[in-house]
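Structural description and commentary
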Amino acid sequence: INDEGEKRRDFIVATIRQMLREGDFCGRDVVSCLPNGQLKITSLRLAEGEAGEIEQALRKEAAQRFRLDASRDAIDYLVAGSIQEGNVIKNELILFAAENETIRKHLEMLEEAGLQPAAIDTVPCALFRNFERLLRRQEDRERTVVFVDAGSRFTTVVFGCGGEDGGDISFIKQIPIGGENFNRGIAAKLGISISEAELLRATIRRAGSASAGHSGNVANGDSLDTSTEEAITDVVVAEAEKLAKEIALCFR
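Okay, so let's go over this structure. (Residues numbered from 1 in each chain as written. Predicted model: local features only at pLDDT ≥ 70, side-chain atom pairs only at ≥ 80, totals over all residues. Heavy atoms only, no water.)

This paragraph deals with the overall build of the chain. Helix and strand content of the chain: eight helices and eight strands. Residues classed as buried in the chain amount to 36% of the 252 residues present. Considering only residue pairs separated by 6 or more positions, the chain has 55% of its internal contacts joining residues 24 or more positions apart. (Helix = DSSP H or I, 4+ residues; strand = E, 2+ residues; numbered from the N terminus. Buried < 20%, exposed > 50% of the residue type's maximum accessible area, 1.4 Å probe, protein only. Contact = heavy atoms within 4.5 Å.)

Here we take up helix α2 (residues 54-66). Two residues of an α-helix separated by three or four positions point the same way, owing to the 3.6 residues in each turn. With 13 residues, α2 ought to run about 18 Å at 1.5 Å a step, and its terminal C-alpha atoms sit 17 Å apart, in line with that. Regarding α2, the residues found buried are I54, A57, L58, E61, A62 and F66. Angular distribution of buried residues about the axis of α2 spans 130°; they occupy a single face of the element. For α2, the exposed residues set more than 90 degrees away from the buried face come down to Q56, K60 and Q64. Structurally, α2 contributes buried residues whose contacts are with β2 (40-47), β3 (74-85) and β4 (88-98). Phi for R67, located one or two positions after α2, is positive at around 60°. (Expected span 1.5 Å × (residues − 1). Arc of directions from axis to C-beta.)

Glancing now at helix α3 (residues 100-112). The first and last C-alpha atoms of α3 sit 18 Å apart over 13 residues, in line with the 18 Å expected at 1.5 Å per residue. Among the residues of α3, T102, I103, H106, M109 and L110 are the ones counted as buried. All buried residues of α3 project into a common sector of 125° when viewed along the axis, lining one side. Downstream of α3 by one or two residues, G114 has phi in the positive range, about 100°.

Before going further, it helps to examine the nonpolar core. Ranked by size, the top nonpolar core spans 14 residues in total, and within it L78, I94, F96, F128, F147, V158 and I169 carry the most contacts. Elements represented by at least two residues in this core include exactly β3, β4, α4 (123-132), β6 (145-150) and β8 (168-175). Once residues within four sequence positions are removed from consideration, F96 is found in contact with L39, K40, I41, A74, I75, D76, Y77, L78, T122, C125 and I172. (Core = buried A, V, L, I, M, F, W, Y, C linked by side-chain atoms within 4.5 Å.)

Before going further, it helps to spend a moment on the sheet that holds β6. Strands sit in the order β6-β7-β8 across an open sheet of three strands; the sheet is antiparallel. The sheet is open, and its two borders are formed by β6 and β8, each paired with just one other strand. For this sheet, the mean angle separating the axes of adjacent strands, direction not counted, is 15°. As judged from the six bridges shared by β6 and strand β7 (residues 155-161), these two strands associate in the antiparallel manner. Residue pairing across strands places V148 opposite V157, the latter belonging to β7. Of the strands in this sheet, β6, β7 and β8 are in contact with α4, which crosses β7 at around 50°. With respect to the sheet, helix α8 (residues 226-250) is in contact with β6, β7 and β8, its orientation differing from that of β8 by roughly 150°. (Pairing = 2+ DSSP bridges. Axes fitted to C-alpha atoms, helices over the stretch in contact; angles between N-to-C directions.)

What follows is the structure in structure tokens.
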């Protein structure tokens, strides 16, 4: 882990410990998700007659695409549905994979924070499951519902539908655009550090349009002058448009 990774890990451990001290939690068992950047996701299609060869196909795909070792690393999947290609009906599978070393370090971090890991989930599945209980009406079974989660480094898009016994995920896309892209763009535009750019975004979120026309020390997150706020808005709009285009491609 590089210096930035170490600082991030220390921050997470310290934050969890603080939450445990201040929160009224019962027990220490926890289900945690691997960060999006450490989770490998892809889709593959198998003819219905190849259903018995799923495990073999997954191992091959993980080895070729992600250079993972199926005998050591974690590989799992879910069935997203059936797709017709010409005269052939194929099952579409969503493959999840992660390096064993990545999982080991994640578990060690949780234990250092004072937690007892019970299971590891994936961000897309956890996101969908969070809303799954709301998708049990008849009309929910007949339409596709889209969830979009904008994180610091990735934006996760999940398509799914409801049902009597829960819902089904039919599509997952991880887009490598998140809050950090906005911060980097602002930093480059204004010639400031990433941390200063983050403070400026926070200032705009708090003050909104009321901050326009007031001068202040931008490094300390005070009121912003008009030109600075306009520059930040230009960057945010440009990055948001990139993200919107990527999300729109998911509907194709």
